[in-house]
Amino acid sequence: MPAAFSAHGVGFCAPLSTGSLAECQSGAARQGAWYDVESLSHCAQRCGECARCNFVSFSRPSKCGWYADCNLGALVATGAGAKFRTLQVPPMATNVTALLHLPPPRAASSDGTFHHFARALAAPPARQLRIAVYGTSVTDGLYPRFLERQLRHRFPRANLSVTAHAYPGATLGFMRHCVDSMLPARDADLYILEQWAGDHCTRGGEEGILALLASLQRRPAPASAAGPGGCGQPALMMLSTLDQNDCVRKLKRMAPYEGRPRDAATLLRDARECAHGGAGEGATSPMERIAARHGIPWVSMRLALRARLVESSARFGGPVAGVSALIRDYLHPSVLGHKLLAELIVSELSLAAEATRRPRCSPPLPGSDGGATHCSFGEALKAHVLQANGWAYRVERNKKGRPKPGLIANSAGASLDLCYPLPAALPVGGQAVWNFAYLRSYQHMGKVAVECTDGCACEPRAYNGHALDSVWPFRVSVAQVSYGQTVTREAWPNASAGSSTAGSSTAGSSTAGSNTVGSCSCTIRL
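The shown structure was predicted, so the numbers you read here are calculated from the model rather than taken from an experiment. (Residues numbered from 1 in each chain as written. Predicted model: local features only at pLDDT ≥ 70, side-chain atom pairs only at ≥ 80, totals over all residues. Heavy atoms only, no water.)

## Overview of the environment of Ala 325
Mapping Ala 325 onto the fold places it in helix α14 (residues 318-326). For Ala 325, a relative accessible area of 13% corresponds to the buried category. A sequence separation of ten residues divides Ala 325 from Val 335, and the C-alpha atoms of the two residues are 8.9 Å apart. (Helix = DSSP H or I, 4+ residues; strand = E, 2+ residues; numbered from the N terminus. Buried < 20%, exposed > 50% of the residue type's maximum accessible area, 1.4 Å probe, protein only.)

## Topic: the pairing of strand β17 (residues 447-454)
Bridge count between β17 and strand β19 (residues 461-464): four bridges; the pairing is antiparallel. When the bridges of β19 are listed, Val 450 appears paired with Arg 461. Strand direction decides the pairing type here: β17 and strand β22 (residues 523-525), joined by three bridges, are antiparallel. Bridge assignment links Cys 452 to a residue of β22, and that residue is Ile 524. (Pairing = 2+ DSSP bridges.)

## Points about the side chain of His 165
Topologically, His 165 is positioned in strand β7 (residues 160-166). Only 3.5 Å separates the side chain of His 165 from the side chain of Thr 163, close enough to count as a polar contact. Apart from the residues lying within four places of it in its own chain, the contact partners of His 165 are Ala 132, Val 133, Tyr 134, Gly 135, Met 182, Leu 183, Pro 184 and Ala 185. (Polar contact = N/O pair within 3.5 Å; in protein donor to acceptor, adjacent residues only side chain to side chain. Contact = heavy atoms within 4.5 Å.)

## Overview of the packing of aromatic side chains
Enumeration over the complete set of coordinates arrives at three aromatic pairs. With a centroid separation of 5.2 Å and 70° between ring planes, the pair formed by Phe 12 and Phe 84 is classed as edge-to-face. Note that Phe 12 is positioned in the loop between β1 (8-10) and α2 (21-25) and Phe 84 in the loop between β4 (63-67) and β5 (85-88), a separation of 72 residues in sequence. Overall, the relative accessible area of 6% leaves Phe 84 in the buried class. The interplanar angle of 25° and the centroid separation of 6.3 Å between the aromatic rings of Trp 34 and Trp 66 together place this pair among those described as stacked. Here the residue Trp 34 occupies a position in strand β2 (residues 31-34), and Trp 66 occupies one in strand β4, the gap between them amounting to 32 residues. According to the relative accessible area criterion, Trp 34 is buried, its value standing at 5%. If you follow Arg 154 out to its NZ or CZ, it ends over the ring of Phe 155, 4.5 Å from the centre. The aromatic ring of Phe 146 is capped on one face by Lys 339, whose charged end is 5.0 Å from the ring centroid. (Phe/Tyr/Trp six-rings, centres within 6.5 Å; stacked < 30°, edge-to-face > 60°. Lys NZ or Arg CZ within 6 Å of the ring centre and 35° of its normal.)

## Focus on the environment of Arg 106
For Arg 106, the position within the fold is in the loop between α4 (96-99) and α5 (112-122). Sequence spacing of Arg 106 and Ser 347 is 241 residues, and the spatial spacing of their C-alpha atoms is 9.7 Å. Once residues lying within four places of it in the same chain are set aside, the contact partners of Arg 106 are Trp 298, Glu 348 and Leu 351.

## Looking at helix α11 (residues 264-275)
For α11, built from twelve residues, the straight-helix expectation of 16 Å at 1.5 Å per residue is met to within 8% by its first-to-last C-alpha distance of 16 Å. Burial in α11 covers these residues: Thr 266, Leu 267, Asp 270, Ala 271, Cys 274 and Ala 275. (Expected span 1.5 Å × (residues − 1).)

## A look at the sheet that holds strand β15 (residues 431-434)
Judged by pairing direction, the sheet is antiparallel, and its three strands sit side by side in the order β15-β21-β18 without closing on themselves. Taken across any chain shown, the strands that pair with only one partner, and hence form the sheet edges, are β15 and β18 (456-457).

## Things to note about the pattern of salt bridges
In this structure the tally under the stated criterion is 15 salt bridges. A salt bridge links Arg 219 to Asp 180, with the nearest nitrogen and oxygen atoms 3.5 Å apart. Linking Arg 219 in the loop between α9 (205-217) and β9 (235-240) with Asp 180 in helix α8 (residues 179-182), this pair joins segments that are 39 residues apart in sequence. Using a relative accessible area of 4% as the deciding quantity, one classes Arg 219 as buried. The exposed category is assigned to Asp 180, whose relative accessible area is 53%. Through salt bridges with shared partners, a single network forms among Asp 180, Arg 186 and Arg 219. (Salt bridge = Lys/Arg side-chain N within 4 Å of Asp/Glu carboxyl O.)

## Re the sheet that holds strand β11 (residues 385-389)
The five strands lie next to each other as β11-β14-β22-β17-β19, forming an open sheet whose pairing is antiparallel. Strand pairing shows two members of the sheet lacking a second neighbour, β11 and β19, which therefore form its edges. Going across the sheet, the axis of each strand differs from the next one's by a mean of 20°, ignoring polarity. (Axes fitted to C-alpha atoms, helices over the stretch in contact; angles between N-to-C directions.)

## Considerations on unusual backbone geometry
Omega for the bond connecting Arg 60 with Pro 61 falls within 30 degrees of zero, at 10°, which places this linkage in the cis form. Inspection of the secondary structure assignment puts Pro 61 in the loop between β3 (55-59) and β4.

## Some remarks on the state of the cysteines
By definition, a disulfide links two cysteine residues through a covalent bond between their sulfur atoms. Per the stated rule, a full pass over the model turns up nine disulfides. Two residues share a disulfide in this structure: Cys 43 and Cys 64, whose sulfurs sit 1.9 Å from each other. Linking Cys 43 and Cys 64, the disulfide has an S-S dihedral of approximately 75° and is accordingly described as right-handed. Here Cys 43, found in helix α3 (residues 40-48), pairs with Cys 64, found in strand β4; they are 21 residues apart in sequence, far enough to count as distant. Judged on exposure class, the residue Cys 43 and its partner Cys 64 are both buried. (Disulfide = S-S within 2.5 Å.)

See the structure below:
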C-alpha cells in the first residue's frame, strides 16, 4: 500500500495547543488542536480541509492535534502519549488516481447535454456556471469542496460554483418526493445526484433514481443550455461509492461478516465480487443500468477500482488495505476517498470537454414526479402543530455544528396533534401517503404511537427511537424515515368547527396560532 496511506504510529507529534481551522488555513502557526472531533478519521478529515496540515494526532474522546511537520520516528508515546495515534495525511496536491495506479478513464459520456456543459467550462466565461450536488452523508463530506478546487485548477478560466445539499440518512424515496424542498436551488447548470449503495435502494431503486433524475431534468433550463448547440435543459450526473454490504463490510470483515474466513483465496473472491457488483442490488446496480440505457454520466468508485480489486496487486496493498484507505468506516470516504471522488468527476468532465464529436441532446427521461407532495422541515414544522402537550420545537446541532431542528418530547404521555394537508382534489375515500423523519440512537430515546384522529383514517403504528443493532451497536442520532403510512380521507373539513385554535404547548414552545382543528383536512396524533 502507498506509504502515504499507512504512515502512522502510537504517540503524538508535539504538545497540543488550541487552534482554529482558520489559523490552520492562514497565518504563521505550524500546529494547533481541535477538541470537537469524534475519531482519527474525522481528525484526518478536518486536516484535509487545511492546506498546511500534514499530520494529526488523535486521542479519545475528542482531542485532535494538527501539525505541519512531524518526526514519525520520535513520537511522544509515554504517559498520556500512549493514548494517541498519529497519522500522516496526504497533501492536498496528492493525485489519488495516480497514487493507486488506476487505469485511464473510459470513453466520454454519450450525453450531449453533459458535453455542452463541459465545453462551457472550458470556454471563456460568459456567466457563472453552477453545480448543485444532492446527496446523503457522503455529500456531507469533503468531496464537494475538493471538486470546486480541482475544477478551478483544471478549467482556470471558468467562473463556477459548487453547492452541496446533503441530508445524512435520507432515503431515496425521501429525497425523491421532497426534492423541491431539499434542493431549492433551481438554477443549476449541472446536478450531481449522489446515492450510497445500501439496502434502502433495493426496493424500486432504479425507478426511484430515474424519477428523481427526470424531475431535475425538467427544472428550468440554465442560460448555458440556451442558444446555439444548447440542449435546453440542465446537465445531469450520478455518483456512487462502494457498496457497503457486498464490498466494504465483507472485505473489512465488519458485521455481519466477522466470522468469514480471512485466507487469501476467500479475500480475493470477495474482492472480485465487489468489483463486479456482487449479488446485491444496491444503488450501484440501478445507476449502472440507467447509465447504460439513458446515457447519463455515472461516476462510480467501484468501477474506478475494479481493475485493482480484481488484480489485488501487491502495490495496491491487497483489497482490504485499499478499501480501508478509501472508506473510513463501512460507508463514508476517507480524505483520500473524497479526493478520489472529486478526481473522477473532473476526469469525466475533462473527457467531455476534450471530445471532438459532441453527441446529440438526450431525449427527456421517463419517470413520474410521484404526484403532489408537501414536505416541511425546520421552522415550517410549526405551521402544522395543532396542539402540543409536552412537545417543544428545538434546534440541536451535530458535531460539525450543523442544525438538527425538530419537535422533541422528554416525558412519557406527551401528545402532539399535527395537521397533514391532504391534496385538495382528493375525494372522500381517496388515499394519500404520510411519512415523518425521526432520530434513532442507542440511548436516551423512546417510542411514539401514531394514529389518525380527525378527517382521515390510518392504521395505528408505533415507532421506536431506541436502536441497538448488531451491525453498529452505538449509533448516535441517526436519521430514520418512517415507511409510508396510507391515509384515507373520511370527510371534508368543517370550517364552522374551527373556533378552537391551537395554543402554546405545555413545554413552552410556540405553536402556529393560525391552525385550527376544524380547518385541518387530516389530524395525526403522536
